[in-house]
Amino acid sequence: MPYVKTRDGTDIYVKDWGTGRPVILTHGWPLNADSWDAQAMALANAGFRAIAYDRRGFGRSGQPWTGYNYDTLTDDLADVMEATGANTDATIVGFSMGGGEIARYMSRYDGKGVVAAGLISSVVPYMLKTDDNPDGVPEETLASIGAGIEDDRPAFFKTFLQQFLGVGFITSPVSDEVVDWVWSLAMQAGLHPTLECATAFGHADFRQDLAAFRVPTLVVHGTSDKTVPIDATGRAAAKGIADSQLVEYDGAPHGLTITESDRFTNDLLTFLGR
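I will try to describe carefully the structure that is included in this document. Quantities reported herein were computed from a predicted structural model and do not represent experimental measurements. (Residues numbered from 1 in each chain as written. Predicted model: local features only at pLDDT ≥ 70, side-chain atom pairs only at ≥ 80, totals over all residues. Heavy atoms only, no water.)

As for the overall build of the protein chain
This is how the line gets drawn: A helix here means a DSSP run of H or I that spans at least four residues, while a strand means a run of E at least two residues long, and both kinds are numbered starting from the N terminus. Based on C-alpha atoms, the radius of gyration is set beside the globule rule, defined as 2.2 Å times the residue count to the power 0.38. Throughout, exposure labels follow a simple rule: accessible area from a 1.4 Å probe, protein chains only, divided by the maximum for the residue type, with under 20% read as buried, over 50% as exposed, and the rest as partly exposed. The contact definition used throughout considers only heavy atoms, calling two residues in contact when any of these lie within 4.5 Å. In this description, accessible areas are obtained by the Shrake-Rupley approach with a 1.4 Å probe, and a residue is regarded as covered only by the protein chains that are shown. Under the convention used here, Asp and Glu are negative, Lys and Arg are positive, and both His and the chain ends fall outside the count. Each charge is placed at NZ for Lys, CZ for Arg, CG for Asp and CD for Glu.
Tallying secondary structure elements over the protein chain gives nine helices and eight strands in all. Its C-alpha atoms give the protein chain a radius of gyration of 17 Å, near enough to 19 Å, the size a compact globule of 274 residues would have. Counting the 274 residues in the protein chain, one finds 57% classified as buried. For the protein chain, long-range pairs separated by at least 24 residues make up 77% of all intrachain contacts whose partners lie at least 6 apart in sequence. Of the accessible surface of the protein chain, which amounts to about 10900 Å², a share of 50% is contributed by carbon and sulfur atoms. Put simply, the protein chain has 21 plus and 36 minus side-chain charges, and the middle of one group is 5 Å from the middle of the other.

Some remarks on helix 5 (residues 176–186)
Defined as follows: Working note: the arc is built from the helix axis to C-beta atom directions.
Restricting attention to buried positions, one finds in helix 5 the residues Val179, Val182, Leu185 and Ala186. Looking straight down helix 5, one finds its buried side chains confined to an arc of 115°; they lie on one side. Exposed residues pointing more than 90 degrees away from the buried face of helix 5 are listed as Asp176 and Glu177.

Quick look at the sheet that holds strand 8 (residues 244–249)
Short version of the rule: Two strands are said to pair when DSSP picks up at least two bridges between them. Only the stretch in contact is used when a helix axis is fitted, and all axes are lines through C-alpha atoms; the angle between N-to-C directions ranges over 0 to 180 degrees.
Reading across the sheet, the eight strands line up as 1-2-4-3-5-6-7-8 and stay open at both edges, with mixed pairing between neighbours. Each having just a single partner strand, strand 1 (3–5) and strand 8 make up the two edges of the open sheet. Looking at each pair of strands side by side, their axes are set apart by 20° on average, direction ignored. One ladder, built from six bridges, connects strand 7 (residues 217–222) with strand 8; its direction is parallel. When the sheet's bridge partners are listed, Val219 is paired in strand 8 with Leu246.

Structural notes on the pairing of strand 4 (residues 48–53)
Among the six residues of strand 4, six are classified as buried, and the element is accordingly described as predominantly covered. The side-chain alternation of strand 4 yields two buried faces, one formed by Phe48, Ala50 and Ala52 and the other by Arg49, Ile51 and Tyr53. Strand direction decides the pairing type here: strand 2 (residues 11–17) and strand 4, joined by four bridges, are antiparallel. Bridge assignment links Asp16 to a residue of strand 4, and that residue is Ile51. Pairing between strand 3 (residues 21–26) and strand 4: six bridges, direction parallel. Directly across from Val23, in strand 4, lies its bridge partner Ala50.

Points about the environment of Thr74
One can find Thr74 in helix 2 (residues 70–84). Residues Thr74 and Tyr105, spaced 31 residues apart in sequence, show a C-alpha to C-alpha distance of 5.8 Å. Other than its neighbours up to four places away in sequence, Thr74 contacts Gly100, Glu101, Arg104, Tyr105, Arg108 and Tyr109.

See below:
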């Protein structure tokens, strides 16, 4: 069953590997489910059922004009869980933008069927810099993302993804080929969904959703994340979630599921086997 049809008729592409207790993986912006392949394969080999899907507008999923707000995106997550039968004894894990669907699912659906959660380099609880969120990202920085995409999307992502993956002038945690691969994932998304989702993750406030986390929650974040600053997100999320475990990767960039793949995969499997 490679596709699930959501309640509004959007086709969502689903990768469903392995058998056992389900682990649903939501990807970051501007990627797709393939970015979870290393973890999904390890989960399946360890006796779990790994389910990763392309968010609407991204990868192989449909690209409707509407629905790029977190309530609709979370309904998509719920529809994937229902259609695949992965709606009991489930763990839901979100990377970057994908953390938003996790937080909103916990509040909008009261965590139905979920026994554990993960927020990885996540935008939760609030990414925008405001008077009451001084460690966030300034509005002008977020606005420059949209401007750069509209001006020259391929060139913008070439530069953006180097920061995303911690590529420096002298050293890099990944090969040029990995950067090219991640860029190719980004370019599969539609222009409109890419812009709409950038607005969504940059401005959505999940602070009121934190109280809905009533399950063990793994929070992983890199201390050198220049895309989603750890103080406004990972550390704040761990502080606001009662049963959370914060694991900081010293010096790691935003894309730590790729740059620190083995370490993160082991930490995720350890958390799931707790």
